[in-house]
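# A closer look at the structure
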Amino acid sequence: KIIVVCLGTPIDEFFNPKHRDFLLFFEKLNRFLKDEHHIIIRSTVYPGTTDFLNNFFEKNNNQINITFYPERFVQGSALDEFKKYPQIIGSVNNKSEKEVRKFLSIFSNEIISLKPMEAELTKLFLNSYRYVQFSIANQFYKIADTVGLDYKKITKAMTFKYQRGNIPSPGFTAGPCLFKDTMQLYSFAKNDFTLGLNAMSTNEGIVVYIVDKLKKKFKLSEKTVGILGMAFKAENDDIRSSLSYKLKKILLINTKKVLTTDPFVKNDKEIMSLNKVIKGSDILILATPHKIYKKIKTKKPIVDIWNFIK
């Protein structure tokens, strides 16, 4: 009776949501649905999608219950966080809300009910907020680094026994959600979310900044550069939208050779062992702060925007 859909809304090359891909799925699914089925939408969707689907089914004379139930987990921590945080739901009517509350009672005692579009925006706002937070850290890093100052020391001074100075670490901000969801919000706001657009420019541009910095210091065309970490996130094998691959593409046209390593990623045939990459590289770039890289010992230069390696 309960059908949980984990299909998000992608964006096109102009950063606009591709609604059609999402709606085609439901057009095909419709012939298998019966009255009283309950569709729970789990992944991020463009605001208004849940209400649109409700109208779609009503026009087809289907009495389908629908709820938007945003997923808010840290990747890899879902089972722990089910009971740790309140669950947010946006049901199209009282019947749907009552049914989904009963369904979710096995996971969480705290459930917050909103209108469908309010729940949809909750997800977009949270992801966009995180994306902007990371962009501030990356911007601060660039400001300090451009004038030759140690951002690691500045960060330590800002955060030491001072809670209001707690900001994220700079680094590669990527993955399948933050960038995409920020652009969806930008589109929904009729392009009146310049903060999100500027965050995208900063976060995506950090890769170019690092390469330009190396080009000023080294003759890159004669250097082999090793990239440490190809997943978009530490202790993870997910390479979707990883900036490590954007870095690789830029380096391939600026260096003698590019070597890559990652202890988790198994679906990339060009990935080598850590020892081979360290041995074969002239310069190393920490792209993903996997724990294995924490205590790397080498005399070769390492670009560590994360301030991670001891």
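In what follows, the structure referred to is the one given above.
Overview of the structure. (Residues numbered from 1 in each chain as written. Predicted model: local features only at pLDDT ≥ 70, side-chain atom pairs only at ≥ 80, totals over all residues. Heavy atoms only, no water.)

The next point concerns the overall build of the protein. The helix and strand inventory of the protein stands at ten helices and ten strands. In terms of overall dimensions, the protein has C-alpha extents of about 70 × 45 × 40 Å along its principal axes. Here the protein holds 310 residues, and 48% of them are scored as buried. The long-range fraction of contacts in the protein, counting pairs at least 24 apart against all pairs at least 6 apart in sequence, stands at 68%. Placing the 50 positive and 31 negative side-chain charges of the protein at their respective mean positions leaves the two points 8 Å apart. (Helix = DSSP H or I, 4+ residues; strand = E, 2+ residues; numbered from the N terminus. Buried < 20%, exposed > 50% of the residue type's maximum accessible area, 1.4 Å probe, protein only. Contact = heavy atoms within 4.5 Å. Lys, Arg positive; Asp, Glu negative; His and termini not counted. Charge placed at Lys NZ, Arg CZ, Asp CG, Glu CD.)

This part is about the pattern of salt bridges. Opposite charge on two side chains allows them to pair when their charged atoms are near. For the structure on display, the rule yields twelve salt bridges. Across the pair Asp21 and Lys18 runs a salt bridge whose closest N-O atoms are separated by 3.7 Å. For Asp21, a relative accessible area of 39% corresponds to the partly exposed category. A salt bridge links Lys123 to Glu71; the shortest N-O distance between them is 3.9 Å. With Lys123 in helix H5 (residues 116-146) and Glu71 in the loop between strand S3 (65-68) and helix H3 (78-84), this pair connects stretches of sequence that are 52 residues apart. For Glu71, a relative accessible area of 25% puts it in the partly exposed group. (Salt bridge = Lys/Arg side-chain N within 4 Å of Asp/Glu carboxyl O.)

Core analysis: the biggest nonpolar cluster contains 40 residues, and Phe172, Leu228, Leu247, Leu251 and Ile285 have the highest contact counts within it. Looking at this core, the elements with two or more residues in it are H5, helix H8 (194-217), strand S6 (224-228), helix H9 (243-252), strand S7 (257-261), helix H10 (274-280) and strand S9 (283-286). With six residues, H8 is the single largest residue contributor to this core. Sequence-distant contacts of Phe172, defined by excluding residues within four places in its chain, comprise Ile206, Val207, Ile210, Phe232, Leu243, Ser244, Leu247, Ala287 and Trp306. Grouped together as the second largest cluster of nonpolar side chains are 17 residues, Val5, Phe22, Ile64 and Ala119 included. (Core = buried A, V, L, I, M, F, W, Y, C linked by side-chain atoms within 4.5 Å.)

Let us now look at the sheet that holds strand S4 (residues 87-91). Backbone hydrogen bonds are what pair the strands of a sheet, in a parallel or an antiparallel way. Pairing within the open sheet is mixed, and its five strands lie in the order S1-S2-S3-S4-S5. Either end of the sheet is taken by a strand with one partner, and the two such strands are strand S1 (2-5) and strand S5 (111-114). Neighbouring strand axes in the sheet, compared pairwise and without regard to direction, differ in orientation by 25° on average. Pairing geometry for S4 and S5, over four bridges, is parallel. Paired with Gly90 across the strands is Leu114, a residue of S5. Taken strand by strand, H5 contacts S3, S4 and S5, and its axis lies near 140° from that of S4. (Pairing = 2+ DSSP bridges. Axes fitted to C-alpha atoms, helices over the stretch in contact; angles between N-to-C directions.)

What follows is about the environment of Phe82. Take Phe82: it is sitting in helix H3. For Phe82, a relative accessible area of 16% puts it in the buried group. Between the alpha carbons of Phe82 and Met183 there is a distance of 27 Å; along the sequence they are 101 residues apart.

Read across the open sheet, the five strands follow the order S8-S7-S6-S9-S10; overall the sheet is parallel. Both outer strands of the open sheet, strand S8 (271-272) and strand S10 (302-303), are each paired with one neighbouring strand and no more. When S7 meets S8, the two strands line up parallel, connected through two bridges. Each residue of the ladder has a partner; that of Thr261, found in S8, is Met272.

A few words on H5. For H5, with 31 residues, the first-to-last C-alpha span of 45 Å sits near the 45 Å given by 1.5 Å per residue. Note on H5: the residue one or two positions beyond its end, Gly148, has a positive phi of about 80°. (Expected span 1.5 Å × (residues − 1).)

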